[in-house]
Amino acid sequence: MATKKATKRAVKAPAKKAAKAAAKAPAKKAVKKAARKSSAAKRKVSPSSSATQSAPLAAYNAKRDFTRTREPAGKVPKTKGKALHFVIQKHAASHLHYDWRLELDGVMKSWAVPKGPSLDPSVKRLAMEVEDHPISYNTFEGTIPEGEYGGGTVMLWDRGTYEAEDGGGAESLREGYRRGDLKFVMHGKRLCGSWALIRMKRPGRPQWLLIKHDDECADRKKDITETEVTSVVTERTMDQIATGRRVWHSNRS
Ligand code: MN
């Protein structure tokens, strides 16, 4: 017993010393670690750990009350070996943004892009990584009740398929996502050509930059978020979606 206690103390003591030292002169690493810990605790599951440490879409499901929102519950369908889909949803929540979602490994990898996509290769748009969404979210257009997570209006702004730029398929996309250097080609109704998502080295919630590569789909003059203001599926404006019935639209019938 005595030896156990002694061992405990011996283990505890250096930790206390380290904590005191950290409090006196907070090492950058320690502060970063603490910040990560506390923010992860607040969100319960951090976006970066969702793939490895918990069930797929656990973070998505934890944030939503499916008795109150008409968004789909998060489930991972069996893979069918078909083309990978993407969807971009214009979302007027507390702040307007565009949700950029890329299908990978049975979920939609998701980023909130406050200013939306730019076709100008010299423009880098901030893209904040958010929790993975279910593939069934790709047909969601309508309203999320006020007071619920993401409350506001959601428009299907663009959709289609996408692929790895180097032709390496899902494996290449998975590796690009892991490295924070994702290069892909969009085949949408509004967006096309080569794009990149580059992760910035910053602590906390992962922040990426969305960049259009220079190709025939690039355009330095056209502001596509200004010219395209209706649903790519129902042709409704945000106001029409907000005031209309909550309709479930699907093009996969
Ligand atoms: Mn959103």
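Residues numbered from 1 in each chain as written. Predicted model: local features only at pLDDT ≥ 70, side-chain atom pairs only at ≥ 80, totals over all residues.

Caption draft 1: Layout of the confidence of the model for the protein chain. Taken as a whole, the protein chain shows an average pLDDT of 83; of its residues, 74% reach a score of 70 or greater. Between residues 1–53, whose pLDDT stays under 50, and residues either more than four places distant or in other chains, the model counts 28 contacts. (pLDDT = per-residue confidence, 0-100. Contact = placed C-beta atoms within 7 Å.)

Caption draft 2: Representation of the pairing of strand S6 (residues 152–164) in the model. Note that strand S1 (residues 84–92) and S6 share nine bridges and pair antiparallel. Across the sheet, residue His85 finds its bridge partner in S6, namely Thr161. The sheet contact formed by strand S5 (residues 142–144) and S6 spans three bridges and is antiparallel. Across the sheet, the residue bridging to Gly142 is Val154, located in S6. Where S6 lies against strand S7 (residues 181–188), five bridges are found, and the strand directions are antiparallel. Across the sheet, Tyr162 pairs through a bridge with Met186, a residue of S7. (Pairing = 2+ DSSP bridges. Helix = DSSP H or I, 4+ residues; strand = E, 2+ residues; numbered from the N terminus.)

Caption draft 3: Summary view of unusual backbone geometry. A positive phi angle is found at Leu57, which is not glycine, with a value near 70 degrees. One can find Leu57 in the loop between helix H3 (50–53) and helix H4 (58–62). Taking the C-beta count within 10 Å as the criterion, Leu57 has 22 such neighbours and is therefore assigned buried. Here Asp105, not a glycine, exhibits a phi torsion of approximately 55 degrees, which is positive. With respect to the helices and strands, Asp105 occurs in the loop between strand S2 (96–104) and strand S3 (107–113). (Buried ≥ 20, exposed ≤ 12 C-beta atoms within 10 Å, placed from the backbone.)

Caption draft 4: Seen up close, the nonpolar core. If you look at the biggest cluster of nonpolar residues, it comprises 36 residues, and the most contacted ones within it are Trp100, Trp111, Ala127 and Leu210. Not counting chain neighbours up to four residues away, the residues in contact with Trp100 comprise Ile88, Trp111, Val113, Ala127 and Leu210. (Core = buried A, V, L, I, M, F, W, Y, C linked by C-beta atoms within 7 Å.)

Caption draft 5: Spatial organisation of the environment of Arg199. Secondary-structure assignment places Arg199 in strand S8 (residues 192–199). Considered as a pair, Arg199 and Gly180 are 19 residues apart in the sequence and their alpha carbons are 4.6 Å apart. The contacts of Arg199, once residues within four sequence positions are left out, are Gly180, Pro206 and Trp208.

Caption draft 6: Broad picture of the environment of Ile88. Looking at where Ile88 falls in the secondary structure, it is placed in strand S1. Between the alpha carbons of Ile88 and Tyr98 there is a distance of 6.4 Å; along the sequence they are 10 residues apart. Ignoring anything within four residues of it in the chain, the contact list for Ile88 reads Tyr98, Asp99, Trp100, Trp157 and Asp158.

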